[in-house]
Amino acid sequence: MDKLIIKGGKPLKGEVRISGAKNAALPIMTASILSSGKNTIYNIPNLMDVKTMGRLLSNMGAKFDHKDGLVTIDSSSINNFEAPYDLVKTMRASVLVLCPLVARFGRARVSLPGGCAIGARPINLHLMGLEKMGAKIQLESGYVIAKATRLKGASIYFDTITVTGTENLMMAAALAKGTTILENAAREPEVVDLANCLISMGAKIRGAGDSVIEIEGVEKLKPIKNYEIIPDRIETGTFMAIAGITGGDLTLKDCRPEHLDAVVMKLKDTGVVFKETKKGLRVIGPKRLTAKDVKTIPYPGFPTDMQAQFMTMMTIANGTSVIKETVFENRFMHVAELKRMGADISIEGGTATIKGVNKLKGAPVMATDLRASASLVVAALCAEGETVIHRIYHLDRGYEKMDEKLRHVGADIERVTS
């Protein structure tokens with residue numbers, strides 16, 4: 001099992017290329033199920049979650065290949081309509097095959113994803129929407145079994161905003177008979193990217209990016225042809241945090257800062273400077289950060305996926321900050337590890353109070369989930385001395401070659417295989 005050894009305490013300077021968005025890549029890969037033929041998708045990051053999705057599609061009979069950022073999926077040979085527990089348990093996004101399978105083939109057997117480290121995240125809204133579209137749903141031995149001759153358009157209201165639920169049902173509606181309305185839909189850029197990809201396949205979708213999405217079903221969709229997914233906004237935000245906390249000067253190439261308006265505005269308040277250049281977005285950290293409060297809410301608000309990184313910045317900021325987590329109920333697991341490094345953080349329910357200290361100190365720490373892993377890397381880069389981060393397989397699920405990118409801008413970082 002790999003670990004990272006980081007000697008921190010120096011500003012990082014240079015250029016970083018932002019990879020394609022994992023959370024856009026996975027649903028767009030499953031959209032290939034909706035057509036028959038060869039699909040080609042560009043800017044796909046080389047990540048464990050992408051490999052897992054590739055194995056799942058291959059298990060269904062598709063021909064999958066991933067090389068140099070290009071994914072090809074031949075969906076004409078799909079003949080197995082099951083997503084087994086052994087694959088779904090390692091990646092919750094596997095549930096995104098459910099609706100495309102039912103929409104195209106009229107049946108699916110998909111393992112329930114269960115909980116994860118940061119919260120339960122059930123799929124009841126996915127199933128509610130499918131039932132409204134005419135599917136018959138059974139729960140049997142930990143699996144969802146869904147069947148439908150052809151799905152029908154329906155009006156669906158989400159009681160709570162769900163990104164994967166919006167994506168799953170948008171794919172179902174693309175091949176349904178009639179018009180589907182999704183209300184209180186997720187507005188994330190990844191949802192918009194999926195909609196744009198579906199439109200390139202021949203789908204009729206209006207309103208993606210707003211809270212109401214209208215989908216007029218069509219008889220057939222074309223394969224995905226040379227679609228390029230958006231840059232990863234959370235990787236972008238993480239490198240912004242790294243520049244800020246180390247007092248660094250990083251130019252982020254191939255990023256879309258408009259997808260991070262809430263993060264950019266909050267980081268400006270802490271003293272981070274942003275400059276647009278011909279090469280990309282330049283991010284300059286201050287001598288010392290200023291403490292600011294933040295509350296996580298669904299897009300376009302401050303993303304829960306940036307909460308751990310922002311909290312890490314606040315551990316050495318001047319003053320006291322309060323962070324309220326409203327999206328997931330168990331997303332402060334990085335706090336115990338940050339306290340091992342000298343952070344002054346207290347937790348009460350979904351609220352964390354952080355009193356800034358002069359510096360963090362290196363220590364052995366353990367990653368508990370993807371974004372917690374990133375926050376520990378951020379902490380280690382500014383800490384005095386050596387930090388050893390264990391269980392970095394979490395990091396490899398969502399950040400492409402992060403240690404190599406950091407080494408390129410001056411970080412003293414080493415990956416060690418135990």
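Computed from a predicted model, the values in this text were never measured in an experiment.

K.L.:
Honestly, the sheet that holds strand β5 (residues 70–74) in this entry has me stumped. Any pointers?
P.N.:
Within a sheet, adjacent strands bond to each other through the backbone by hydrogen bonds, running parallel or antiparallel. Spatial ordering of the open sheet is given by β4-β5-β3-β14, a layout of 4 strands whose pairing is mixed. The outermost strands of the open sheet, each flanked by one partner alone, are β4 (63–67) and β14 (227–228). Relative to β5, strand β3 (residues 38–42) runs antiparallel, the two being bridged by 4 bridges. By the bridge assignment for β5, Thr 40 is matched with Thr 72.

K.L.:
Just checking my understanding: could you explain the side chain of His 259 for this structure?
P.N.:
Looking at where His 259 falls in the secondary structure, it is placed in the loop between β15 (249–253) and α9 (261–270). Overall, the relative accessible area of 11% leaves His 259 in the buried class. Each residue touching His 259, except ones within four places of it in the same chain, is listed here: Pro 189, Ile 230, Arg 233 and Tyr 299.

K.L.:
Which parts of the structure should I look at to understand the sheet that holds strand β24 (residues 412–417)?
P.N.:
One open sheet holds the 4 strands; their spatial order is β22-β23-β1-β24, and the pairing between them is mixed. The open sheet has two edge strands with one neighbour each: β22 (364–366) and β24. Adjacent strand axes in the sheet meet at a mean angle of 20 degrees when their direction is disregarded.

K.L.:
What is the right way to look at the pattern of salt bridges in this model?
P.N.:
A pair can form between side chains of opposite charge whenever their charged atoms are brought close. Enumeration according to the criterion identifies 18 salt bridges in this entry. Between Lys 253 and Glu 15 there is a salt bridge, with the nearest N and O atoms lying 3.6 Å from each other. With Lys 253 in strand β15 and Glu 15 in strand β2 (residues 13–17), this pair connects stretches of sequence that are 238 residues apart. Using a relative accessible area of 27% as the deciding quantity, one classes Glu 15 as partly exposed. Where Asp 49 meets Arg 397, a salt bridge forms, and the shortest distance between an N and an O atom there is 2.9 Å.

K.L.:
For this particular structure, what's the right way to read the side chain of Asp 305?
P.N.:
With respect to the secondary-structure elements, Asp 305 resides in the loop between β18 (294–295) and α10 (307–314). Among residues more than four places away in sequence, those in contact with Asp 305 are Asn 23, Ile 234, Arg 331 and Arg 371.

K.L.:
Quick question: what am I supposed to make of unusual backbone geometry here?
P.N.:
In this structure, Pro 300 follows Tyr 299 across a cis peptide bond, with omega equal to 15 degrees. Inspection of the secondary structure puts Pro 300 in the loop between β18 and α10. Non-glycine residue Ser 141 carries a positive phi angle of around 50 degrees. Looking at where Ser 141 falls in the secondary structure, it is placed in the loop between β8 (136–140) and β9 (143–147). Overall, Ser 141 belongs to the exposed group, its relative accessible area being 71%. For Asn 226, which is not a glycine, the phi torsion comes out positive at approximately 55 degrees.

K.L.:
Would you take a moment to explain the packing of aromatic side chains for this structure?
P.N.:
Aromatic ring pairs are reported here in terms of the distance separating the ring centres and the angle at which the planes meet. For the coordinates displayed, the defined rule picks out 2 aromatic pairs. Summarising the aromatic geometry, the rings of Phe 302 and Phe 310 are spaced 5.5 Å apart at their centres and angled 70 degrees between planes, so their arrangement reads as edge-to-face. The pair Phe 302 / Phe 310 is uniform in exposure class, with both members buried. The side chain of Arg 109 reaches across the aromatic face of Tyr 143, ending 3.9 Å from its centre.

K.L.:
Would you explain helix α8 (residues 233–246) in this entry?
P.N.:
Each α-helix winds once per 3.6 residues, and so residues spaced three or four apart point in a common direction. Between its first and last C-alpha, α8 extends 20 Å over 14 residues, near the 20 Å set by a 1.5 Å rise per residue. α8 sits mainly inside the fold: 14 of its 14 residues count as buried. One side-chain oxygen of the residue at the start of α8 lies 2.9 Å from the amide nitrogen of Ile 234, identifying that residue as Asp 232. Note on α8: the residue one or two positions beyond its end, Gly 247, has a positive phi of about 65 degrees.

K.L.:
Help me out: how do you make sense of the environment of Cys 382 in this one?
P.N.:
Residue placement: Cys 382 occurs in helix α12 (residues 370–382). Expressed as a C-alpha distance, the spacing of Cys 382 and Gly 244, which sit 138 residues apart in the sequence, is 9.8 Å. Residue contacts for Cys 382: discarding those within four places in its chain leaves Gly 9, Ile 245, Thr 246, Ile 316 and Leu 360.

K.L.:
Any chance you could explain the nonpolar core here in plain terms?
P.N.:
Generally speaking, nonpolar side chains in soluble globular proteins are found buried as a group. One finds Leu 130, Leu 151, Met 170 and Leu 198 to be the most contacted residues of the largest nonpolar core, which totals 77 residues. Not counting chain neighbours up to four residues away, the residues in contact with Leu 130 comprise Leu 98, Cys 99, Val 102, Ala 135, Ile 137, Ala 146, Leu 151, Leu 169 and Ala 172. Listed in part, the 67 residues of the second largest apolar core include Ile 345, Leu 376, Ala 380 and Ile 389.

K.L.:
I keep staring at the packing of α9 against α10 and nothing clicks. Help me out?
P.N.:
Here α9 crosses α10 at 5 degrees, and the two axes come no closer than 12 Å. In terms of axis orientation, α9 runs roughly parallel to α10. The residues of α10 that touch α9, namely those facing Lys 266, Leu 267 and Thr 270, are Phe 310, Met 313 and Met 314. For the contact of α9 with α10, a count of residues per class yields 4 nonpolar, 1 polar and 1 charged.

K.L.:
Can you walk me through the packing of helix α6 (residues 163–174) against helix α7 (residues 189–200) in this structure?
P.N.:
When two helices pack together, their arrangement is given by the angle between the helix axes and the distance between those axes. Closest axis-to-axis distance for the α6/α7 pair is 10 Å, and the angle between their directions is 10 degrees. As the angle between them shows, α6 and α7 are arranged roughly parallel. For the pair formed by α6 and α7, the contact residues are Val 163, Thr 166, Glu 167, Met 170 and Met 171 on the first element and Glu 190, Val 191, Leu 194, Ala 195 and Leu 198 on the second. Considered class by class, the residues forming the contact of α6 with α7 number 7 nonpolar, 1 polar and 2 charged.

K.L.:
Help me understand α6 in this model?
P.N.:
In this model, α6 (12 residues) spans 17 Å end to end at C-alpha, consistent with the 16 Å of a helix rising 1.5 Å per residue. For α6, the tally of buried residues reaches 11 of 12 residues, placing the bulk of the element in the interior. For α6, the complete set of buried residues consists of Thr 164, Gly 165, Thr 166, Glu 167, Asn 168, Leu 169, Met 170, Met 171, Ala 172, Ala 173 and Ala 174. Near the N-terminus of α6, the side chain that reaches the backbone nitrogen of Gly 165, with its oxygen 2.9 Å away, is that of Thr 162.

Conventions and cut-offs
- Residues numbered from 1 in each chain as written.
- Predicted model: local features only at pLDDT ≥ 70, side-chain atom pairs only at ≥ 80, totals over all residues.
- Heavy atoms only, no water.
- Pairing = 2+ DSSP bridges.
- Helix = DSSP H or I, 4+ residues; strand = E, 2+ residues; numbered from the N terminus.
- Buried < 20%, exposed > 50% of the residue type's maximum accessible area, 1.4 Å probe, protein only.
- Contact = heavy atoms within 4.5 Å.
- Axes fitted to C-alpha atoms, helices over the stretch in contact; angles between N-to-C directions.
- Salt bridge = Lys/Arg side-chain N within 4 Å of Asp/Glu carboxyl O.
- Phe/Tyr/Trp six-rings, centres within 6.5 Å; stacked < 30°, edge-to-face > 60°.
- Lys NZ or Arg CZ within 6 Å of the ring centre and 35° of its normal.
- Expected span 1.5 Å × (residues − 1).
- Polar contact = N/O pair within 3.5 Å; in protein donor to acceptor, adjacent residues only side chain to side chain.
- Core = buried A, V, L, I, M, F, W, Y, C linked by side-chain atoms within 4.5 Å.
- Parallel < 35°, antiparallel > 145°, perpendicular 65-115°, else oblique.
- Nonpolar A, V, L, I, M, F, W, Y, C, P; charged D, E, K, R; others polar.

Structural measurements only, silent on function.
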